Amino acid sequence: MRENLLVVEGLCKHFAGVVALDNFSCVITGGEIVGLIGPNGAGKTTLFNAITGFLSLDHGTIRFQGEDLTHQSPAKIASCGIARTFQRLRLIGQISVLDNVLLAFPRQPGEQLFNAVFHHQISQAQEWHNRQHAIHLLDEAGLANKTEVPAKALSYGQQKLLSLVCCLARDARLLLLDEPVAGVAPHMVDKTLSLIKDLIKEQSNHKRSVIIIEHDMEVIDQVCQRLIFIDAGTKICEGSPQAVRNDPRVIEAYLG
Ligand SMILES: Nc1ncnc2c1ncn2[C@@H]1O[C@H](COP(=O)(O)OP(=O)(O)OP(=O)(O)O)[C@@H](O)[C@H]1O
Ligand SMILES: [Mg+2]
């Protein structure tokens, strides 16, 4: 039986009269890739913002690996093992691709004064390890020949891949990917999807899970084992991709 990794219950969020989340609940188990689908403005990004502590909830609870993370800060939630990408990329354009990944690692050497002053050698070893791991991840993403170029010099698709690599660098148990392939050229889409699938395969007893927001149903079909359909902040239905696609409420929301 799979463990419940993330349990969210009764999430509510209003923005000045707009209901972004309306009593939304779901469970994500260890090792699954779940697609979060729904029309524009349905509340998908708001759900990610709520889970990662980027906005405060009106009501509801968020539990991760049994720990109550409701109302915790983004830094605390990230340290518990939840990483995310952003719909609008948040890379530092002026610095190199490699440095963007190195900055994403938790606990940068020198981040804490104590480490910087007293644990210089440990910091150096950690820095070397991070560097090797970052280069490995960039290689997997097909960006090995771009490590020294500024992030802003990458194509849009490459920047999206880089933001995924930054997310992977955190070695989180739950990854929240907000439209990782939207606007990306087809050959880059395949690269990104295989990276996401490898993520799940790579695990041993450390079962990672992914929630992926995506509008393209072909993409969803390639990677997701389960779908959650949200509209107007409410979970309308969930289940296998085929069952959700054939649900009349989903058909109506997309075609009606
Ligand atoms: N910070 C905010 N302030 C005010 N309204 C907001 C804010 N964030 C989201 N909303 C509103 O909440 C609703 C849900 O927005 P959200 O961004 O979660 O939708 P989405 O499902 O991610 O849509 P899309 O597919 O277009 O990215 C929308 O009506 C949006 O305008
Ligand atoms: Mg969104």
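Residues numbered from 1 in each chain as written. Chains lettered and ligands numbered in written order. Predicted model: local features only at pLDDT ≥ 70, side-chain atom pairs only at ≥ 80, totals over all residues. Heavy atoms only, no water.

**A closer look at the overall build of the protein**
So, point 1. What the protein contains, in helices and strands, is ten helices and ten strands.
So, point 2. A globule of 256 residues ought to have a C-alpha radius of gyration of about 18 Å, and the protein, at 19 Å, matches this closely.
So, point 3. Principal-axis analysis of the C-alpha atoms gives the protein an extent of 60 × 40 × 40 Å.
So, point 4. Out of the 256 residues belonging to the protein, those deemed buried represent 49%.
So, point 5. Relative to all contacts within the protein whose residues are 6 or more apart in sequence, the contacts with residues 24 or more apart total 69%.
So, point 6. Of the roughly 12,600 Å² of accessible surface on the protein, a fraction of 51% belongs to carbon and sulfur atoms.
So, point 7. Both charge centroids of the protein, one from 24 positive and one from 27 negative side chains, sit 2 Å from each other. (Helix = DSSP H or I, 4+ residues; strand = E, 2+ residues; numbered from the N terminus. Rg over C-alpha atoms; globule rule 2.2 N^0.38 Å. Buried < 20%, exposed > 50% of the residue type's maximum accessible area, 1.4 Å probe, protein only. Contact = heavy atoms within 4.5 Å. Areas by Shrake-Rupley, 256 points an atom, 1.4 Å probe, with all protein chains shown as cover. Lys, Arg positive; Asp, Glu negative; His and termini not counted. Charge placed at Lys NZ, Arg CZ, Asp CG, Glu CD.)

**Things to note about the sheet that holds strand β5 (residues 67-68)**
So, point 1. Spatially, four strands are ordered β2-β1-β4-β5 in an open sheet, and the strand pairing comes out antiparallel. Here the strands that pair on one side only, and so sit at the sheet edges, are β2 (18-29) and β5.
So, point 2. Here two bridges tie strand β4 (residues 59-64) to β5, and the two strands are oriented antiparallel to one another. Counted as the bridge partner of Arg63 is Asp68 from β5.
So, point 3. Where helix α1 (residues 44-51) meets the sheet, its contacts fall on β1 (4-15), β2 and β4, and the angle it forms with β1 comes to roughly 115°. (Pairing = 2+ DSSP bridges. Axes fitted to C-alpha atoms, helices over the stretch in contact; angles between N-to-C directions.)

**Let's talk about the site of ligand 1**
So, point 1. Around ligand 1, the surrounding shell holds 14 residues, and the nearest of these are Asn40, Gly41, Lys44, Thr46 and Gln87.
So, point 2. Within the side chain of Asn40, a nitrogen or oxygen atom sits 2.8 Å from an oxygen atom of ligand 1.
So, point 3. The backbone of Gly41 places a nitrogen or oxygen atom 2.8 Å from an oxygen atom of ligand 1.
So, point 4. Within the complex, the protein chains bury 62% of what would otherwise be the 640 Å² of accessible surface of ligand 1.
So, point 5. For the shell around ligand 1, the secondary-structure elements that each account for two or more residues are β2 and α1.
So, point 6. The element contributing the most residues to the shell around ligand 1 is α1, with three residues. (Near = heavy atom within 4 Å. Polar contact = N/O pair within 3.5 Å; in protein donor to acceptor, adjacent residues only side chain to side chain.)

**A look at the nonpolar core**
So, point 1. By size, the foremost hydrophobic cluster in this structure holds 47 residues, and its most contacted members are Val101, Leu138 and Leu162.
So, point 2. When residues of this core are assigned to their parent elements, the largest contribution, eight residues, is made by helix α6 (residues 156-169).
So, point 3. Ignoring sequence-local partners within four residues, the contact set of Leu138 consists of Val97, Leu98, Val101, Leu143, Ala144, Thr147, Leu162 and Val165. (Core = buried A, V, L, I, M, F, W, Y, C linked by side-chain atoms within 4.5 Å.)

**Observations concerning the environment of Arg249**
So, point 1. Here Arg249 is to be found in helix α10 (residues 248-255).
So, point 2. When the C-alpha positions of Arg249 and Leu103 are compared, they lie 43 Å apart, and in sequence the two are 146 residues distant.
So, point 3. Here Arg249 is in contact with Phe229, Ile236 and Cys237, once residues within four sequence places are set aside.
So, point 4. Reaching out from Arg249, the side chain makes a polar contact with the backbone oxygen of Ile236 at a distance of 3.3 Å.

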